[in-house]
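Structural overview for review
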Amino acid sequence: MFRARTRMRTRMRTRTRTALVAATLVLMLVSPVAADEVPGLEGALKAFSEGNWKAAVEAASSVLPEDEAYAKAQYVIGEAQLVLGDAEAAEKAFRQVLELSAEAVPAQVGLARALVARDQAQEALELLAATLQKAPKDVDALRVTGEAHLALGDTKKAIAALKKASQAAKSDPLIARSLVAAYLHAENDAQAEKTARKITKALPKHPMGPFLLGLVLEHRHEDADAIEAYDQALARDENFLDAHKNLAILCHTMSNSYRNVERIKKSMHHYERYFALGGHDPKLEQTYRTTRGFLESQGMLR
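Residues numbered from 1 in each chain as written. Predicted model: local features only at pLDDT ≥ 70, side-chain atom pairs only at ≥ 80, totals over all residues. Heavy atoms only, no water.

Re the overall build of the chain
Within the chain, the regular secondary structure consists of 18 helices and zero strands. A total of 302 residues make up the chain; the buried ones form 57% of that total. Contacts in the chain between residues at least 24 apart in sequence constitute 58% of all its contacts with a sequence separation of at least 6. Roughly 13700 Å² of accessible area belongs to the chain as shown, and the carbon and sulfur atoms make up 51% of that amount. (Helix = DSSP H or I, 4+ residues; strand = E, 2+ residues; numbered from the N terminus. Buried < 20%, exposed > 50% of the residue type's maximum accessible area, 1.4 Å probe, protein only. Contact = heavy atoms within 4.5 Å. Areas by Shrake-Rupley, 256 points an atom, 1.4 Å probe, with all protein chains shown as cover.)

Here it is as structure tokens:
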């Protein structure tokens, strides 16, 4: 039932945006004064900073096109939809921003991220090349350039771009995540683990460190230890969507065709949390519903 585990895990490595990190991007575009003057925007930023992604989208969506804060609200929507995994909605929102503010670098980078998530990495690279001509030191543009190269299978160029970004922002958890993904793609577990432990040391309270260690351990098929690492990430940020997603998939896989009742119940819990938080993955949702229906029919869920 769950043959797509590896493919799905690779794809989602590029998507997580925790509240602590993404809120910084939002504040680059939205000033506190402007937010205070627009209730929908103010509510969206509050929800976003708390990791309530669905609520952030709903609040920002109340800002009307004729409002001067509309572009800012659309940017919030784009960022939130990237966290939720709805790249199509994110692309639409970022394009709305750029129609009103064509030179907004954060929105250009956001659009590139959405394009990478939609398997349009080459278009993303073209957009990022133009962005970096105007803002050659933009760390996010450098990072997403690496992610786009990785999506195209060019690990060497990906790692080069990500190392350049890392030199400019040594403790950036998003850069660390992308580097771990690139090293794992290159089958360089040692460097992946080194990167995960380095960001854990630099940001001891941030969930990214244990999450990345979980990715490394899972890549090595040390599944029990990977589960523990993902649990540690969620202990630091219960709204970390991809930690819930990884746990749901991994525990499902480890249930030994549903013989391990503890594992399958843990899997169902994390599926439910992922979707309750607004996670967008139609294929995964279908798997969850089919599995839950089967388990209920067998009296395995109470």
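So, the environment of Asn246
With respect to the secondary-structure elements, Asn246 resides in helix H16 (residues 241–253). Placed 21 residues apart in sequence, Asn246 and Ser267 show a C-alpha to C-alpha distance of 9.3 Å.

What to know about the packing of aromatic side chains
All chains considered together, the criterion is met by eight aromatic pairs. Each ring, one from Phe48 and one from Trp53, has its centre 5.2 Å from the other, and the planes form 85 degrees; the classification is edge-to-face. In this pair, the class of Phe48 matches that of Trp53, namely buried. Cluster of aromatic residues (ring-pair linked, three or more members): Tyr271, Tyr274, Phe275 and Tyr288. (Phe/Tyr/Trp six-rings, centres within 6.5 Å; stacked < 30°, edge-to-face > 60°.)

Description of helix H18 (residues 282–297)
A rise of 1.5 Å per residue sets the reference length of H18, with its 16 residues, at 22 Å; its end C-alpha atoms lie 23 Å apart and thus fit the reference within 8%. Among all positions of H18, only Leu284, Thr287, Tyr288, Thr291 and Leu295 are buried. End-on view of H18: buried residues confined to an arc of 100 degrees, all on one side of the axis. The exposed set on the far side of H18, more than 90 degrees from its buried face, consists of Pro282, Gln286, Arg289 and Ser297. (Expected span 1.5 Å × (residues − 1). Arc of directions from axis to C-beta.)

Structural notes on the confidence of the model for the chain
Of all residues in the chain, 87% attain a pLDDT of 70 or more, and the chain-wide mean is 88. Throughout residues 1–25 the model reports pLDDT below 50, and contacts reaching past four residues in sequence, or to other chains, amount to 75 contacts. (pLDDT = per-residue confidence, 0-100.)

Some words on the pattern of salt bridges
Taken as a whole, this structure holds 18 salt bridges when the rule is applied. With a closest N to O distance of 2.8 Å, Glu193 and Arg197 form a salt bridge. Of this pair, Glu193 and Arg197 both sit in helix H13 (residues 189–202), separated by four residues, roughly a single helical turn. Between Glu193 and Arg220 there is a salt bridge; the shortest N-O distance is 2.6 Å. With Glu193 in helix H13 and Arg220 in the loop between helix H14 (208–219) and helix H15 (223–236), the pair connects residues that are 27 residues apart, well separated along the chain. Residue class for Arg220 comes out partly exposed when judged on its relative accessible area of 28%. Bridged by salt links that share partners, the residues Glu91, Arg95, Arg118 and Glu123 form one connected network. (Salt bridge = Lys/Arg side-chain N within 4 Å of Asp/Glu carboxyl O.)

Remarks on the packing of helix H12 (residues 173–185) against H14
Between H12 and H14, the shortest axis-to-axis distance is 10 Å and the interhelical angle comes to 5 degrees. With respect to H14, the element H12 is oriented roughly parallel. Counted together, Pro173, Leu174, Ala176, Arg177, Val180 and Leu184 of H12 and Met208, Phe211, Leu212, Leu215, Val216 and His219 of H14 form the full contact between these two elements. Residues that form the contact of H12 with H14 fall into these classes: ten nonpolar, one polar and one charged. (Axes fitted to C-alpha atoms, helices over the stretch in contact; angles between N-to-C directions. Parallel < 35°, antiparallel > 145°, perpendicular 65-115°, else oblique. Nonpolar A, V, L, I, M, F, W, Y, C, P; charged D, E, K, R; others polar.)

Details of the nonpolar core
Within the largest apolar cluster, 62 residues are counted, with the highest numbers of intra-cluster contacts made by Phe94, Ala107, Val180, Phe211, Leu212, Tyr230 and Phe240. One finds Leu241, Ile249, Leu277 and Leu295 within the second-largest nonpolar core, a separate group that totals 35 residues. (Core = buried A, V, L, I, M, F, W, Y, C linked by side-chain atoms within 4.5 Å.)

Examining the side chain of Ser267
Among the secondary structure elements, Ser267 is positioned in helix H17 (residues 261–276). Residue Ser267 is classed as buried on the basis of its relative accessible area, which comes to 0%. Apart from the residues within four sequence positions on either side, Ser267 is in contact with Ala248, Cys251 and His252.

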